[in-house]
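# Summary of the model geometry
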Amino acid sequence: METSWLCPTDLDRSRVVDANDRVRMIRKIGSGAVGVALVVSAPWLGWWTLILFALSSLNFINVDLRMRTSAHPERVSVCAILFTMLLLATGVALSGGPRSPMLPWLVLPAGMVAARFRPQVVIAGLALTVIVIIAATLGVNPQATIHHPVAVIATLALLTGVVSIVWALETAELHQRDDAILDPLTGLANRRQLSDDLATVWSDATPERPVRLLMFDLDGFKAYNDTFGHPGGDLLLSRVSRTFKEAVGSHGRAYRMGGDEFCALLWGDSDEEMVESCLSALSAAGEGFSITSSYGSVLLPLETEDPELALQLADERMYAYKDSSRASAGRQTRDLALQILAVHEPELHMHSANVAALTEGVARRLGLSDQELSDATRAAELHEIGKVAIPYAVLHKPGPLDDEEWELMRRHPTIGANILSAAPALARVAEIVRAAHERHDGAGYPRGLAAEQIPLASRIVFVCDAFDAMISAHSYRPAMSETEALAELRRCAGTQFDPDVVQAFIAEHRARHTTQAQENLATAEPKAKIGAHA
């Protein structure tokens, strides 16, 4: 929406609209009282007063209709107030100038201005009213005004008093209203104001001139809060809020939804460059921290016909954007960690790949969601990453480990989790890795968790890891057969391993062997036919 001197901000414009709704009944009562007075006084003042009253009534009816549809309700309101002032000044001039009984009524338009507009407009309205009073008295009958100025002086005093009282009441009401619609920390409009604004701009939005709703969420703010404390977090929110409001500027309005969530309504030129400006404004970086932001965008009314649905859609798109960014960062971190593992411990890298393949099948069989399945598979790939910090001599010792060496070895899940948790995108994976050596009976490490205390993904990785370790040869023992390894899993189900996970693993192993046998058979048949023809 285009700004004007009367209402340079959309908040000023909304105050005009709200004030018109609040004073509508008072205006009707006041106009009715003036009308009755004019009708009763017509025999003395003249019947022309009824014409003025009729014009005034039409003016009031017209202003209500036009303010509902106008893009600039403040201009409609000012025009109506100026027209009322002109009618009253005409009545004063026709009924005796300084001796007119209508003279005090010239206070009413200035009171209307004080009830609606910002201080600069109220002062201008007050000055204009003084000029009109002087013109309607001194200009009509200068002698009477100079020799009998009491009525003019009293009217000017009444004008000052009424405007002061109305202005004070309006300021107090606006203060309470601002407390209700403004975020106290940042000074931005809040969620309640957004709901009101959505309802207002909805009627103005068209496919040719759409309104863009943007939802933002700060990435990395929780870590910043944990590091620098809540006072530091509040200072950061205040700072980015100021730059965010400047980025939105006259193109719309900026909001804080709560916490680290922000919103913007853009009704001006809201191209992708404008979106990038908002993203940049809601970012900060310094020593030890980096704050970025994710966003979701909806065009009204092109993408939805419901303001509430628009909020929901923007929120969903924002979190889809956030998850996409996290997934990308997570893939990069995971690839780097796997590369480190492959360089330092090639055997562990191959072992982790086998465990990941087994984990994916068992997790699917146990009904894990897509996100849980992804986390479990990544954890299986990375569950040995902590061993890069274990001395080579300990990790490759040909004989049994002593107590001190075992104590060192048991630290690798914690080391691995700490490495992975440095990347926020792998925070969930890190917790799975941390618990990947916990036993069902609570005798595992590093925290001695038991049964349901252990994440299901960790229980799955533990079983798959144990199976692949058993069927692989080591310097200190030969490899078991798969039949022996399966028997060992069954024997330890309920103590070392989760019985349900073991059951699912055996079912997955049987299904894989059946599939492999069928594939081998299918491959062997063509070869047999070729041999027969030969």
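Residues numbered from 1 in each chain as written. Predicted model: local features only at pLDDT ≥ 70, side-chain atom pairs only at ≥ 80, totals over all residues. Heavy atoms only, no water.

### A few points about the nonpolar core
- Of all hydrophobic cores here, the largest spans 39 residues; its most connected members are L420, L489, F497 and F505.
- Among the elements of the structure, α12 (346–365), α13 (370–382), α16 (412–421), α17 (427–434), α18 (456–470), α19 (482–492) and α20 (499–533) are those that each provide at least two residues to this core.
- When residues of this core are assigned to their parent elements, the largest contribution, nine residues, is made by α18.
- Each residue touching L420, except ones within four places of it in the same chain, is listed here: L382, I385, L426, V429, A430 and V433.
- Counting residues in each nonpolar core, the second largest holds 33 residues, with A80, A89, M102 and V152 among its members. (Core = buried A, V, L, I, M, F, W, Y, C linked by side-chain atoms within 4.5 Å. Buried < 20%, exposed > 50% of the residue type's maximum accessible area, 1.4 Å probe, protein only. Helix = DSSP H or I, 4+ residues; strand = E, 2+ residues; numbered from the N terminus. Contact = heavy atoms within 4.5 Å.)

### What about the pattern of salt bridges?
- Using the criterion set out here, one finds 13 salt bridges in the structure.
- Note that D183 is salt-bridged to R256, the shortest N-O span being 3.1 Å. One end of the pair, D183, is in the loop between α7 (150–181) and α8 (191–204); the other, R256, is in strand β2 (residues 252–258), and 73 residues separate them in sequence. Each member of the pair D183 and R256 is classed as buried.
- For R428, the salt bridge is made with D375, and the minimal N-O distance between the two is 2.8 Å. Of this pair, R428 sits in helix α17 while D375 sits in helix α13, and the two are 53 residues apart along the sequence.
- R428 sits in the partly exposed class, given a relative accessible area of 46%. (Salt bridge = Lys/Arg side-chain N within 4 Å of Asp/Glu carboxyl O.)

### Re the packing of aromatic side chains
- Overall, the coordinates contain six aromatic pairs when judged by the stated rule.
- When the ring of F216 is compared with that of F244, the centres are 5.5 Å apart and the planes differ by 75°; the resulting orientation is edge-to-face. Taken as a pair, F216 in strand β1 (residues 211–219) and F244 in helix α9 (residues 221–248) lie far apart in primary sequence, 28 residues in all. Across this residue pair, the class does not change: F216 and F244 are buried.
- Three or more aromatic residues link up through ring pairs in this structure, and these residues are F216, F244, F262 and Y295. (Phe/Tyr/Trp six-rings, centres within 6.5 Å; stacked < 30°, edge-to-face > 60°.)

### Notes on unusual backbone geometry
- For the bond from L300 to P301, the omega torsion is 0°, close enough to zero to count as cis.
- Looking at the element boundaries, P301 is found in the loop between β5 (289–300) and α11 (307–344).
- Geometrically, the link from Y445 to P446 is a cis peptide bond, its omega value of 10° lying close to zero.
- Counting through the fold element by element, P446 comes out in the loop between α17 and α18.
- Here A451, not a glycine, exhibits a phi torsion of approximately 45°, which is positive.
- Tracing the backbone shows A451 in the loop between α17 and α18.

### A word on the sheet that holds strand β3 (residues 261–266)
- The antiparallel open sheet is built from five strands, whose spatial order is β2-β3-β1-β5-β4. Where the open sheet ends on each side, the last strands, each with one partner, are β2 and β4 (284–286). On average, each strand axis in the sheet is tilted by 20° relative to the strand beside it, whichever way the strands run.
- Bridging between β1 and β3 involves six bridges; their strand directions are antiparallel. Bridging across to β3, D217 finds its partner in E261. (Pairing = 2+ DSSP bridges. Axes fitted to C-alpha atoms, helices over the stretch in contact; angles between N-to-C directions.)

### A short note on the packing of α16 against α17
- Running from amino to carboxyl end, α16 crosses α17 at an angle of 180°, the nearest separation of the two axes being 8 Å. One way to sum up the angle between α16 and α17 is to call them roughly antiparallel. Each of P413, T414, G416, A417, N418, L420 and S421 in α16 lies in contact with α17, whose residues at this interface are V429, A430, V433 and R434.
- Residues belonging to the contact of α16 with α17 are distributed by class as follows: six nonpolar, four polar and one charged. (Parallel < 35°, antiparallel > 145°, perpendicular 65-115°, else oblique. Nonpolar A, V, L, I, M, F, W, Y, C, P; charged D, E, K, R; others polar.)

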